[in-house]
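# Remarks on the overall topology
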Amino acid sequence: MLMTIFKYLFVINAIIFGSMIVYGKCFVFRKKKPQFVSDYCATLAVFLGLYSILSIILVWFLPSTASKLLMLAFGISPFLIGALATYHTEKYFTAIQVILIAASAGYVLL
């Protein structure tokens, strides 16, 4: 029961987080109002933290070692991608991150 709750919380959070990344990339980060962009980034950071925390919590509930390692990789992937990204490669790494978020949500549902 508890595992099911965490799974659905993770999927909902992953969908919101991925949508916020895409929406922010397309519309928000081009705005000229720094207060709005700052608030959006703070909200995005909350969803990033929830995504990582929920994936690490799911590591404890998953049965096999391979699925535990995969969820751990999903949980730390935003930080690894952020460390590798530069100004010139930011678009590519953003696309990779959104694909990983969608893949993690799909993996948890299956």
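One can find the structure itself at the top, above this paragraph.
Residues numbered from 1 in each chain as written. Predicted model: local features only at pLDDT ≥ 70, side-chain atom pairs only at ≥ 80, totals over all residues. Heavy atoms only, no water.

### Topic: the packing of aromatic side chains
What the rule picks out here adds up to 7 aromatic pairs. Plain terms: the ring middles of Tyr23 and Phe27 are 5.2 Å apart, the flat faces sit at 50° to each other, and that makes the pair tilted. Ring geometry for Phe29 versus Tyr40: centroids 6.0 Å apart, planes at 80°, classification edge-to-face. Within this pair, whereas Phe29 is found in the loop between helix H1 (2-26) and helix H2 (34-61), its partner Tyr40 is found in helix H2, the two being separated by 11 residues in sequence. (Phe/Tyr/Trp six-rings, centres within 6.5 Å; stacked < 30°, edge-to-face > 60°. Helix = DSSP H or I, 4+ residues; strand = E, 2+ residues; numbered from the N terminus.)

### With respect to the environment of Lys68
As for its position among the elements, Lys68 is in helix H3 (residues 65-84). What makes Lys68 partly exposed here is its relative accessible area of 26%. Along the backbone, Lys68 and Ile56 are 12 residues apart, and their C-alpha atoms lie at a distance of 8.8 Å. Leave out the neighbours within four places in its chain, and Lys68 touches Val59, Trp60, Leu62 and Pro63. (Buried < 20%, exposed > 50% of the residue type's maximum accessible area, 1.4 Å probe, protein only. Contact = heavy atoms within 4.5 Å.)

### With respect to the pattern of salt bridges
Under the defined criterion, the tally for this structure stands at 1 salt bridge. For the salt bridge of Glu90 with Lys25, the shortest nitrogen-to-oxygen distance reads 2.8 Å. Here the residue Glu90 occupies a position in helix H4 (residues 90-109), and Lys25 occupies one in helix H1, the gap between them amounting to 65 residues. Take Glu90: its relative accessible area is 31%, and that puts it in the partly exposed class. Judged by its relative accessible area of 27%, Lys25 falls in the partly exposed class. (Salt bridge = Lys/Arg side-chain N within 4 Å of Asp/Glu carboxyl O.)

### What to know about a nonpolar patch on the surface
On the surface, Met1, Leu2, Ile5, Leu9, Ile56, Trp60, Phe61, Leu69, Leu72, Ile76, Phe79 and Leu80 cluster together into a nonpolar patch covering about 1,300 Å² of accessible area. Counting residues per element, the ones that place at least two in the nonpolar patch are H1, H2 and H3. Top element by residues in the nonpolar patch is H3. It accounts for 5 residues. Tracing the backbone through its elements, the reader meets Leu9 in helix H1. We classify Leu9 as partly exposed; its relative accessible area is 42%. (Patch = residues over 30% accessible without salt bridge, like charges linked within 9 Å, V, L, I, M, F, W, Y side chains within 5 Å. Areas by Shrake-Rupley, 256 points an atom, 1.4 Å probe, with all protein chains shown as cover.)

### Some points on the packing of H2 against H3
The N-to-C vectors of H2 and H3 enclose an angle of 165°; their axes lie 8 Å apart at closest approach. The angle between H2 and H3 places the two elements in the roughly antiparallel class. Of the two possible hands of crossing, H2 and H3 adopt the one that is left-handed. Facing Leu48, Tyr51, Ser52, Ser55, Ile56, Leu58, Val59 and Trp60 of H2, the residues of H3 in contact are Lys68, Met71, Leu72, Phe74, Gly75, Pro78 and Phe79. In terms of residue class, the contact of H2 with H3 is built from 11 nonpolar, 3 polar and 1 charged. (Axes fitted to C-alpha atoms, helices over the stretch in contact; angles between N-to-C directions. Parallel < 35°, antiparallel > 145°, perpendicular 65-115°, else oblique. Left-handed = near helix turned anticlockwise from the far one by under 90°. Nonpolar A, V, L, I, M, F, W, Y, C, P; charged D, E, K, R; others polar.)

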